[in-house]
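# Reading the structure
Here is how the chains run, residue by residue.
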Amino acid sequence: MDRLYGLVDAGALRIVDLLPEHMPHLHALSAKYPQMDFCDAAVVRLAEMFPHATVITTDSAHFTVYRRFRDKPLALIQPRRR
């Protein structure tokens, strides 16, 4: 946790407030993808808000399916599968 706080303090990570303004969009994403949970919807919404950002995930099963702006794949960094 100290490393995480250090990254936020250094400006390397930014905390973005999504609620309540983006709640209708999060709900619409969850309705489109039945396997999508709240956290996944938040990540997809952030990818829409910051289109040049890259999502780092180990959840390749879901994040390779999800789309931002209805049809654009997410930029992903994933560990290689063994």
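Quick summary incoming for the structure in this document. Note that the structure is a prediction, hence the values are computed from the model and not measured. (Residues numbered from 1 in each chain as written. Predicted model: local features only at pLDDT ≥ 70, side-chain atom pairs only at ≥ 80, totals over all residues. Heavy atoms only, no water.)

With that settled, consider helix α3 (residues 38-49). With twelve residues, α3 extends 16 Å between its outermost C-alpha atoms, agreeing within 8% with the 16 Å of an ideal straight helix rising 1.5 Å per residue. When α3 is considered as a whole, its buried residues turn out to be Asp40, Ala41, Ala42, Val44, Arg45, Ala47 and Glu48. Those residues of α3 that are buried are in contact with α2 (23-32), β1 (55-56), α4 (60-63) and β2 (67-68). Of the residues that open α3, the one with a side-chain oxygen 3.2 Å from the backbone nitrogen of Cys39 is Asp37. (Helix = DSSP H or I, 4+ residues; strand = E, 2+ residues; numbered from the N terminus. Expected span 1.5 Å × (residues − 1). Buried < 20%, exposed > 50% of the residue type's maximum accessible area, 1.4 Å probe, protein only. Contact = heavy atoms within 4.5 Å. Polar contact = N/O pair within 3.5 Å; in protein donor to acceptor, adjacent residues only side chain to side chain.)

Before going further, it helps to spend a moment on the side chain of Arg45. Of note, Arg45 is situated in helix α3. Within polar-contact distance, the side chain of Arg45 engages the side chain of Glu48 at 2.9 Å. Non-local contacts of Arg45, meaning those with residues more than four positions away in its chain, are made with Leu18, His22, His25, Leu26 and Leu29.

So, on to a nonpolar patch on the surface. Residues Met1, Leu4, Tyr5, Leu7, Val8, Leu13 and Ile15 make up a contiguous nonpolar surface patch of about 700 Å² in total accessible area. For Leu7, the location among the structural elements is in helix α1 (residues 2-10). The exposure class of Leu7 is partly exposed, given its relative accessible area of 39%. (Patch = residues over 30% accessible without salt bridge, like charges linked within 9 Å, V, L, I, M, F, W, Y side chains within 5 Å. Areas by Shrake-Rupley, 256 points an atom, 1.4 Å probe, with all protein chains shown as cover. Salt bridge = Lys/Arg side-chain N within 4 Å of Asp/Glu carboxyl O.)

Take the pattern of salt bridges next. Evaluated as defined, the whole model comprises two salt bridges. A salt bridge links Glu48 to Arg45, with the nearest nitrogen and oxygen atoms 2.9 Å apart. Here Glu48 and its partner Arg45 are both found in helix α3, three residues apart, which amounts to about one turn of the helix. Residue classification places Glu48 among the buried residues on the basis of a relative accessible area of 7%. A salt bridge links Asp71 to Lys72; its shortest N-O distance comes to 3.8 Å. Overall, Asp71 belongs to the exposed group, its relative accessible area being 51%.

Here we come to the environment of Ser60. Mapped onto the fold, Ser60 is located in helix α4. Spatially, the C-alpha atom of Ser60 lies 6.9 Å from that of Gln78, the residues being 18 residues apart in sequence. Apart from residues no more than four positions distant in its own chain, Ser60 is found in contact with Gln78 and Arg81.

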